[in-house]
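# Breakdown of the fold
In case you want the letters, here they are:
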Amino acid sequence: MDSTRLLRDVGATVAATAASAGASWAAYNYLNNQAAEARTVIPHRTDDAPNGDGVYLPDGTGPHRYTRDSAVDLYLVVFGDSTAAGLGADTADQTPGVQVVRRVAAETGKTIRYANKAIVGATSKGLAAQIDAMLITREHPDVAVILIGANDVTASNGIRSSAKRLGEAVDLLVRSGAAVVVGTCPDFGVITAIPQPLRSVLRRWGLQLASAQRGAVRAAGGRAVPMADLLAKEFLARPDHMFSPDQYHPSAAGYALAADILLPEVLSAIGEWGSAPLPKPPEVSEAVEQNRLISRARRLIGRQTDQASARE
């Protein structure tokens, strides 16, 4: 995600929403100033995530170069945004996709081909293009992992329309023969570089989107993993450890935590989990400070976004 664009769009969206909901000019100004303050804290990222594409073996080696003659048991592909790509990681081994694929290879004894098709800055509008670009080459993954949603919130894409696009992307992959696991929108409440009450407004939108995504993914035959539940408690407790230096994208430890919660669903999706029930996701933490200003902003924006969703 381009954090400069993120905060510019968020500031404009929040201020416009507050104004249309009848907030005072002071509230309008305040939320714009919040976005401006956050822009000075979160740096603009122009780098790409490390590339870990290749073949991974059960003995822990890889990535080996994939060729048409490579013997593989599974083909795992990751789609989505900068988090799916692993922006913030220093090496390919630290990205969430590679961490998942190494663990799947070790757990199953299978040789796995891995490819990451995620694009930094992508929203649900771009998912179909990522998938089509792969399918047009007549390559069909056995399992697909999607991480998407944060950019839909900051670009003020509609909740229902964003969830619908995700559901359509999942359906496209399922019809191509893939098992699909989706990490839903993360919790903006843990990103302390975004000041309050802007952070709480984003958190509410993100949690609403995650809920809509969950329904759309399940309806399309995929498996939804609640990433907001994952992020809240652990990221708030150890932000210096869980975030990369940009204070926005996860660090290697943060991505390892993401891999922890994705792994059981991936193993279950390919029939390798066994008969034991899947572990329950962690409880959602109360991720934002409680005070009058934040609560009032949350209620104000909540009413407006609920009305907007109802009109979609």
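Below, the structure is looked at part by part. (Residues numbered from 1 in each chain as written. Predicted model: local features only at pLDDT ≥ 70, side-chain atom pairs only at ≥ 80, totals over all residues. Heavy atoms only, no water.)

## A closer look at the packing of aromatic side chains
The final tally for this structure, using the stated rule, is one aromatic pair. For the ring pair Y56 and Y114, a centre distance of 6.2 Å and an interplane angle of 75° mean the geometry is edge-to-face. Residue Y56 is found in strand β1 (residues 54-56), and its partner Y114 is found in strand β3 (residues 112-116); the two are separated by 58 residues along the sequence. Per residue, the accessibility class of Y56 equals that of Y114, and both read buried. The ring of Y66 has R113 lying over it, and the distance from NZ or CZ to the ring centre is 3.8 Å. (Phe/Tyr/Trp six-rings, centres within 6.5 Å; stacked < 30°, edge-to-face > 60°. Helix = DSSP H or I, 4+ residues; strand = E, 2+ residues; numbered from the N terminus. Buried < 20%, exposed > 50% of the residue type's maximum accessible area, 1.4 Å probe, protein only. Lys NZ or Arg CZ within 6 Å of the ring centre and 35° of its normal.)

## Notes on unusual backbone geometry
Residue P63 is reached from G62 by a cis peptide bond, and omega for that bond is 10°. Take P63: it is sitting in the loop between β1 and β2 (74-80). Positive phi values are uncommon outside glycine, yet R138 reaches one of about 65°. Mapped onto the elements, R138 comes out in the loop between α5 (127-135) and β4 (143-147).

## Quick notes on the sheet that holds β1
One open sheet holds the six strands; their spatial order is β1-β3-β2-β4-β5-β6, and the pairing between them is mixed. Unpaired on one side and paired on the other, β1 and β6 (223-225) mark the two borders of the sheet. If you compare each strand with its neighbour and ignore which way they point, the axes differ by 25° on average. As paired elements, β2 and β3 share five bridges and run parallel to each other. Looking at the pairing, L74 lines up with I112 of β3. Along the sheet, helix α11 (residues 252-269) contacts β2, β4, β5 (179-183) and β6; its crossing angle with β6, the most-contacted strand, is approximately 170°. (Pairing = 2+ DSSP bridges. Axes fitted to C-alpha atoms, helices over the stretch in contact; angles between N-to-C directions. Contact = heavy atoms within 4.5 Å.)

## Describing empty space enclosed by the protein
Applying the stated rule across the entire model yields two cavities of 30 Å³ or more. The volume enclosed by the second largest cavity comes to roughly 40 Å³. As for the second largest cavity, its lining consists of V78, P96, G97, V100, V145, L147 and L262. For the lining of the second largest cavity, the elements supplying multiple residues, two or more each, are α4 (96-108) and β4. Among the elements that take part in the lining of the second largest cavity, α4 stands out by supplying three residues, more than any other. Taken together, the residues of the lining of the second largest cavity break down into six nonpolar, one polar and no charged. (1 Å grid on protein atoms, 1.4 Å probe; cavity = no way out; pocket = protein on both sides within 12 Å on 5 of 7 lines; lining within 4 Å. Points joined across faces, edges and corners; volume = space filled by probe spheres on them. Nonpolar A, V, L, I, M, F, W, Y, C, P; charged D, E, K, R; others polar.)

## Quick look at the environment of A106
Relative to the helices and strands, A106 is located in helix α4. Expressed as a C-alpha distance, the spacing of A106 and L57, which sit 49 residues apart in the sequence, is 7.8 Å.

## Topic: the nonpolar core
Membership of the largest hydrophobic core comes to 29 residues, with the highest contact counts inside it found for L76, L262 and V266. At the level of elements, β2, α3 (82-85), α4, β3, β4, β5 and α11 are the ones that each hand at least two residues to this core. Counting residues per element, this core draws most heavily on α11, at seven residues. Residues contacting V266, with those up to four places away along its chain left out, are L76, V100, V104, V143, V145 and V181. Within the second largest apolar cluster, 22 residues are counted, among which are F79, A122, I131 and A169. (Core = buried A, V, L, I, M, F, W, Y, C linked by side-chain atoms within 4.5 Å.)

## A short note on the packing of α4 against α11
The contact between α4 and α11 brings their axes to 8 Å, and the two run at 45°. On the basis of the axis angle, α4 is oblique to α11. As for how α4 packs across α11, the hand of that crossing is right-handed. Along the contact surface, α4 presents P96, Q99, V100, R103, V104, E107 and T108, while α11 presents A252, Y255, A256, A259, D260, L262, L263, V266 and L267. (Parallel < 35°, antiparallel > 145°, perpendicular 65-115°, else oblique. Left-handed = near helix turned anticlockwise from the far one by under 90°.)

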